[in-house]
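The chain contents come next:
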Amino acid sequence: MKLLEHISAIAGKYFAFWVVAAAAIAFVFPEAFVGIGAYITILLGVVMFGMGLTLKAVDFKIIFKNPLPVIIGVAAQYIIMPLSAFLIAYLLNLPAELAAGLVLLGSVPGGTASNVMVYLARGNLPLSVAMTSFSTLLAPITTPFILLLLAGQWLPVDAGAMFLSIVQVIIIPILLGLTIRRFFTAAVDKSITVVPLISVLAIIIIVSAVVAGNVENIATAGLLIFTAVALHNAFGLLLGYFTAVLLKLDESTRRAISLEVGMQNSGLGVALASAHFGPLAALPSAAAAVWHNISGPILATLWAKRPAKSQDASAAQSEKEERRRKQA
């Protein structure tokens with residue numbers, strides 16, 4: 001178990017490298033990965049099951065205890081990201097499938113990788129986890145509705161079928177994970193450190209399958225796709241942060257909202273695009289799986305060097321209280 005924990009830690013730490021390496025191999029040797037495409041939905045279900053195993057009841061308390069930042073963050077995510085994707089698709093004059101795929105990427109909930117980035121950035125981690133959970137639970141309604149509204153002009157959107165897909169791939173596995181954790185807590189706690197390894201492997205396989213099935217498209221439009229995804233991510237990170245600034249939220253909350261808004265559940269984007277739009281539409285989400293895990297750590301590292309003011313104030317207050325106790 002110790003060895004698996006060590007491997008899991010390495011897999012999570014160098015996730016971006018593994019994804020890039022796997023994508024490159026799949027691009028050079030596509031025939032070895034094409035057949036995996038049929039299992040994308042199952043693989044994503046495994047990732048979401050792992051997310052369910054890591055969630056606790058306390059993760060949802062902040063939604064009821066201090067709901068305003070959660071509501072602001074989730075609303076920003078479901079407004080900023082789809083509209084940014086829509087705007088970028090028009091400005092770059094993306095082909096129909098790529099445009100729909102980019103809007104789909106902007107319409108899915110936050111990804112669990114954002115929680116790690118918020119932790120590294122010294123942001124508000126409980127808020128980040130709550131936002132990821134809440135936005136994911138809302139996804140069966142919000143994602144099909146947004147796509148119907150914004151992407152229908154490029155490709156037909158079957159909102160009902162997409163609703164069922166999200167329930168099957170996201171909600172059911174998460175609820176199953178939560179249930180198993182509830183009744184087998186001790187066993188789950190002993191093995192929970194291995195979950196990141198399983199999730200990383202699943203995402204790597206998903207990206208490899210998408211790349212293998214789109215070698216020609218990547219060769220002709222790869223730069224355009226990465227440009228669109230990078231711009232989309234930048235819009236999310238910047239506008240998420242400044243939304244929190246305008247609403248006068250503290251620095252640690254700003255960082256959490258920025259990273260949550262800017263980083264999507266790219267695995268869900270790939271699965272939905274593959275099932276409902278076509279392989280080309282899955283490319284923006286596959287590119288995001290790589291890019292988000294490059295831009296996220298860079299931003300988190302920069303923020304980690306500058307402690308949030310709210311954290312400084314909290315530390316100063318603790319020091320004052322400690323001095324008073326000693327004087328007393």
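In this text the structure is predicted, and so the values were computed from the model without any measurement. (Residues numbered from 1 in each chain as written. Predicted model: local features only at pLDDT ≥ 70, side-chain atom pairs only at ≥ 80, totals over all residues. Heavy atoms only, no water.)

## Concerning the packing of aromatic side chains
Here is step 1: Using the criterion set out here, one finds 5 aromatic pairs in the structure.
Here is step 2: Each ring, one from Y90 and one from W154, has its centre 5.6 Å from the other, and the planes form 50°; the classification is tilted. Taken together, the positions of Y90 in helix α5 (residues 67-91) and W154 in the loop between α8 (125-150) and α9 (159-183) put the pair 64 residues apart, joining distant regions of the chain.
Here is step 3: We classify Y90 as partly exposed; its relative accessible area is 47%.
Here is step 4: Residue classification places W154 among the buried residues on the basis of a relative accessible area of 18%.
Here is step 5: Taken together, the ring pairs in this structure connect F86, Y90 and W154 into an aromatic cluster.
Here is step 6: The positively charged end of R182 is found above the aromatic ring belonging to F183, 5.5 Å away from the centroid. (Phe/Tyr/Trp six-rings, centres within 6.5 Å; stacked < 30°, edge-to-face > 60°. Helix = DSSP H or I, 4+ residues; strand = E, 2+ residues; numbered from the N terminus. Buried < 20%, exposed > 50% of the residue type's maximum accessible area, 1.4 Å probe, protein only. Lys NZ or Arg CZ within 6 Å of the ring centre and 35° of its normal.)

## A look at the environment of W303
Here is step 1: One can find W303 in helix α15 (residues 283-304).
Here is step 2: The buried category is assigned to W303, whose relative accessible area is 7%.
Here is step 3: Not counting the four nearest positions on each side in its chain, W303 is found in contact with A121, Y241, E251, R255, S258 and L259. (Contact = heavy atoms within 4.5 Å.)

## Regarding helix α12 (residues 215-246)
Here is step 1: Over its 32 residues, α12 runs 43 Å from end to end, which matches the ideal 46 Å to within 8%, given 1.5 Å per residue.
Here is step 2: Where α12 bends most, at A221, the angle is about 75°.
Here is step 3: Among all positions of α12, only A221, G222, I225, A228, V229, H232, N233, G236, L237, G240, Y241 and A244 are buried.
Here is step 4: Contacts made by the buried residues of α12 are with α5, α6 (96-107), α13 (251-262) and α15.
Here is step 5: Note on α12: the residue one or two positions beyond its end, K248, has a positive phi of about 60°. (Expected span 1.5 Å × (residues − 1). Bend = angle between axes of the 7 residues up to and from the residue.)

All quantities given are derived from atomic positions and should not be read as evidence of function.
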